[in-house]
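# Residue-level structural notes
Residues per chain, in single letters:
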Number of protein chains: 4
Amino acid sequence: MKEDNKPQGRPRSIQSHQAILKAALELLAEVGYERMSVEAIAQNAKVGKSTIYRRYKGKEELVADAIESIREEVVIPDTGSLWGDINALIENAARITFNPLGKQAVATIISSASSNSEFARIYAHKYLQPRREAFTVVIKKAKIRNEVRLDLDADFVFDVMSGMMLYGLIFPPTSETWEEYVRRAMEAVIS
Amino acid sequence: MKEDNKPQGRPRSIQSHQAILKAALELLAEVGYERMSVEAIAQNAKVGKSTIYRRYKGKEELVADAIESIREEVVIPDTGSLWGDINALIENAARITFNPLGKQAVATIISSASSNSEFARIYAHKYLQPRREAFTVVIKKAKIRNEVRLDLDADFVFDVMSGMMLYGLIFPPTSETWEEYVRRAMEAVIS
Amino acid sequence: MKEDNKPQGRPRSIQSHQAILKAALELLAEVGYERMSVEAIAQNAKVGKSTIYRRYKGKEELVADAIESIREEVVIPDTGSLWGDINALIENAARITFNPLGKQAVATIISSASSNSEFARIYAHKYLQPRREAFTVVIKKAKIRNEVRLDLDADFVFDVMSGMMLYGLIFPPTSETWEEYVRRAMEAVIS
Amino acid sequence: MKEDNKPQGRPRSIQSHQAILKAALELLAEVGYERMSVEAIAQNAKVGKSTIYRRYKGKEELVADAIESIREEVVIPDTGSLWGDINALIENAARITFNPLGKQAVATIISSASSNSEFARIYAHKYLQPRREAFTVVIKKAKIRNEVRLDLDADFVFDVMSGMMLYGLIFPPTSETWEEYVRRAMEAVIS
DNA sequence: GAATAACCGAGACGGTACGTCAAGTCTTGGT
DNA sequence: ACCAAGACTTGACGTACCGTCTCGGTTATTC
């Protein structure tokens, strides 16, 4: 039983779509969510405003999709040791996060998620879940290598890692680097 | 030359000041930071807009002060045991956080802090610091009672607690309650 | 060399054409020129917008043609007396004019003509001229019957009649009916 | 019993008001009603759009008021003879009407009045009525001077004059000037 | 009877203007 | 110097149409 969604009329332009996302991300990185205007996005993307509003219900949805679009593929590190893998994960997170765009993206996500539980739920599902699963694989391999005790709760460890990253991102630690800070918490919970 | 800033003319009305804060908090709880307007605050407080802008540079500062105004005194629990104290701290945090106003206040803080590092710095200093110090006292007493190892880093433990609270607030855990979630992380780092 | 413009390809659909005119007139009567949209016409006529723009350069031209399409044949009354004929002409004009569509059609014509002299010229030529000629015939017959003086300027009388109709249509007289109003002016100029 | 309309707050700026009207009239003369934008008016008047929308419900109302504002004082001519007076009235009407602004103003009035009977009613009351009264005075004096029969209906003569002016404005006569055209109709009805 | 050419409905495209809303500033008369 | 009220400029919002363009698909005429 197919759901015969045969679209009629001129199809939506892929170039426009990408130009919109590109412009949105550029502006997000430059001036941040609040100060960026849909009008400016349209202008930079050389696109009519209606082309944006045909795709998205509003600025919020547009930016959510733009951020979504830069989500990188989740790569499961395989360095052969638990800490090698964890360090790879942390470094990867740091790489994504520590540039203007990453910072603004995280800020936007946190901001939206904290004032809108639905957004939080969606984000948790679409972004966090794949990473959680990747982390579970890493822990499982460590268990096989006997690097950690067998009853270690991978989900909980992942949450501690995420929580510390978030916290360190918002309130940067003064004495250590952000990465060491996270690593230290991981050591404690993995013990 | 004295810097005796003796204000001339009619002094600023205290009633107005409090009405502004009250109205701001009510609206914050009802509709959240973005959707609340300074105009509505002024109207609800039966105050002219200029009376607000005379006191604050803008909406951001006003809301910051409004949230500041509900900050409760930091009380250092003293139950006689480390876990009694920690549980008291967690319960207190939960009490403050789990109502519409608390949620919006936290959302506003996180949102502002994540997109504005200056705000984050101020908040860390004015809000987090006193709590950090209270926590340090709790840990110190536990050390005296020999409940924890002597080289335990109180600051780090505090940060893990804060981080988990923040994370659990934004992305509520599904399986456990928020409080147990935080407590579990604490157990791991105190060990 | 023949100018035998024999069109190739699929001929334009007559049903579509008529559906467009029908929808245009309906909307014109309902909401008036300004508030009617080409999009709505296309939708009501179950026709693509391009089918409209293939036929007309724009909304203006489309509506002009739609109004044109309801133009009735000019009938020269022949009641046997000048006033019988004139009354027939007036009554006919009233019949055409006093319904929603007629009112809007006149409004559209006047509006266009008053802000666009080219439109006025075209309209004067295509619509007014045949009526002027019919009126001239009526006057000529009256002259033969000796009902009016022989040097009566039929064109001028026609213009007075038209002018009074127009004026009475825009600013309806309060004391008399529109028709009596016109008739009274006619009596004066025919004397 | 006074109707205590004591306005509070900053009063509406008279300069802004006048700048808006001035800009509106300029644009009306230059590009006409349809092609003029409220945005352009605001810009030319160096005024925020909201300042316009605070005063008027929309473009239509603004333009109506702008046209209203150039209405000249009605002057009752007194040349000593009926035809001297009438000629003065006609020449005055011609003077007002035959420039870009006048043409557009008339076009706008006719257009609005013909598609909106409420506008027609207002206009008839505020613009036509004073002129009608002035004309009545002129006729009354002529009656005293025995230049016309005593039972001449001044209102009706005025309507014929107005109607012919309107008609001649929309469909300019080819053989005679607009003014002679009107005069000729007047002669017929005054007889 | 296949190729060609113009048509068709649908709907996306880049634009322009609309009318609304809020931010932060300014100006009243009055306390 | 303060106050409430409500004006002011600025600038973004999201909506509605305009007239054009692009799909897949449909008739007629021409080869």
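Each remark here, short or long, concerns the structure printed above.
The structure reproduced in this document is the subject of the present report. The model shown is predicted, which means the values in this text are computed figures rather than measured ones.

### A word on a negative patch on the surface
Residues Glu34, Glu60 and Glu61 of chain C together with Glu34, Glu60 and Glu61 of chain D make up a contiguous surface patch of negative charge. Taken together, the elements giving at least two residues each to the negative patch come down to helix 4 (59–69) of chain C together with helix 4 (59–69) of chain D. On the secondary structure map, Glu61 of chain D appears in helix 4.

### Side note on the interface of chain A and chain B
Listed by partner, the interface residues are 29 residues for chain A and 29 residues for chain B. Summed over both partners, the interface of chain A with chain B comes to about 2,500 Å²; 70% of that surface belongs to carbon and sulfur atoms. Among the residues chain A hides against chain B, the three largest losses belong to Phe156, Tyr167 and Phe171 of chain A. Together they make up 24% of the total. Our count for the contact surface shared by chain A and chain B stands at 2 salt bridges. Where Arg184 of chain B meets Asp153 of chain A, a salt bridge forms, and the shortest distance between an N and an O atom there is 2.4 Å. The interface formed by chain A and chain B contains 7 residue pairs in polar contact (both at pLDDT 80 or more). Those elements that place two or more of their residues in the side of chain A that touches chain B are helix 6 (100–115), helix 7 (117–144), helix 8 (154–170) and helix 9 (178–190) of chain A. With 10 residues, helix 8 of chain A is the largest single contributor of residues to the side of chain A that touches chain B. Split by residue class, the side of chain A that touches chain B holds 19 nonpolar, 5 polar and 5 charged.

### A short note on the interface of chain D and chain C
Each side of the interface is counted separately: chain D has 29 residues, and chain C has 29 residues. With both sides pooled, the region where chain D packs onto chain C buries about 2,500 Å², and carbon together with sulfur makes up 70% of that total. Together, Phe156, Tyr167 and Phe171 of chain D form the three largest contributors to the area buried by chain D at its contact with chain C, with a combined 24%. Run the count over chain D and chain C and you get 2 salt bridges. Taken together, chain D and chain C are joined by 7 residue pairs in polar contact (both at pLDDT 80 or more).

### Quick word on the protein's contact with DNA strand E
Around DNA strand E lies a shell of 50 residues, among which Thr51 and Arg54 of chain A, Thr51 and Arg54 of chain C together with Tyr53 of chain D are the nearest. Near-protein atoms of DNA strand E (within 4 Å) split between backbone and bases, with sugar and phosphate holding 65%. Here a phosphate oxygen of DNA strand E and a side-chain polar atom of Lys59 of chain B are 3.3 Å apart. For the surface near DNA strand E, the secondary structure elements donating two or more residues are helix 3 (49–55) of chain A, helix 2 (38–44) and helix 3 (49–55) of chain B, helix 3 (49–55) of chain C together with helix 2 (38–44) and helix 3 (49–55) of chain D. For the surface near DNA strand E, a count of residues per class yields 11 nonpolar, 19 polar and 20 charged.

What counts and how
- Numbers given to residues run from 1 along each chain, matching the order in which its sequence is written.
- Numbering of ligands from 1 and lettering of chains from A proceed in the order in which they are written.
- pLDDT decides what is reported in this predicted model: residues at 70 or higher carry local features, side-chain atom pairs at 80 or more are listed and counted, and totals for whole chains, interfaces and linings draw on all residues regardless.
- Side-chain numbers come from the whole structure's heavy atoms, not from hydrogens or water.
- Patches were defined on residues exceeding 30% relative accessible area and lacking a salt bridge, with like-charge contacts within 9 Å and nonpolar side-chain contacts (Val, Leu, Ile, Met, Phe, Trp, Tyr) within 5 Å.
- Only the protein chains shown count as covering a residue, and every accessible area follows the Shrake-Rupley method with a 1.4 Å probe.
- Salt bridge criterion: a side-chain nitrogen from Lys or Arg within 4 Å of a carboxyl oxygen from Asp or Glu.
- We count Lys and Arg on the positive side and Asp and Glu on the negative side, and we leave His and both chain ends out.
- Where a charge lies is defined by one atom per residue type: Lys uses NZ, Arg uses CZ, Asp uses CG and Glu uses CD.
- A run of H or I in DSSP counts as a helix once it spans at least four residues, and a run of E counts as a strand once it spans at least two, with each numbered from the N terminus.
- By the convention used here, residues are in contact when the closest approach between their heavy atoms is within 4.5 Å.
- Note on terms: buried area is the combined drop in 1.4 Å-probe accessible area of two parts once they are placed together, counting the loss on both.
- Between N or O atoms, a polar contact is any pair within 3.5 Å; within protein, one atom must be a potential hydrogen donor and the other a potential acceptor, and residues adjacent in sequence are included only when both atoms are from side chains.
- Classification convention: Asp, Glu, Lys, Arg as charged; Ala, Val, Leu, Ile, Met, Phe, Trp, Tyr, Cys, Pro as nonpolar; all other residues, Gly among them, as polar.
- Consider each residue's heavy atoms; a residue with any of them within 4 Å of a molecule or strand counts as near.

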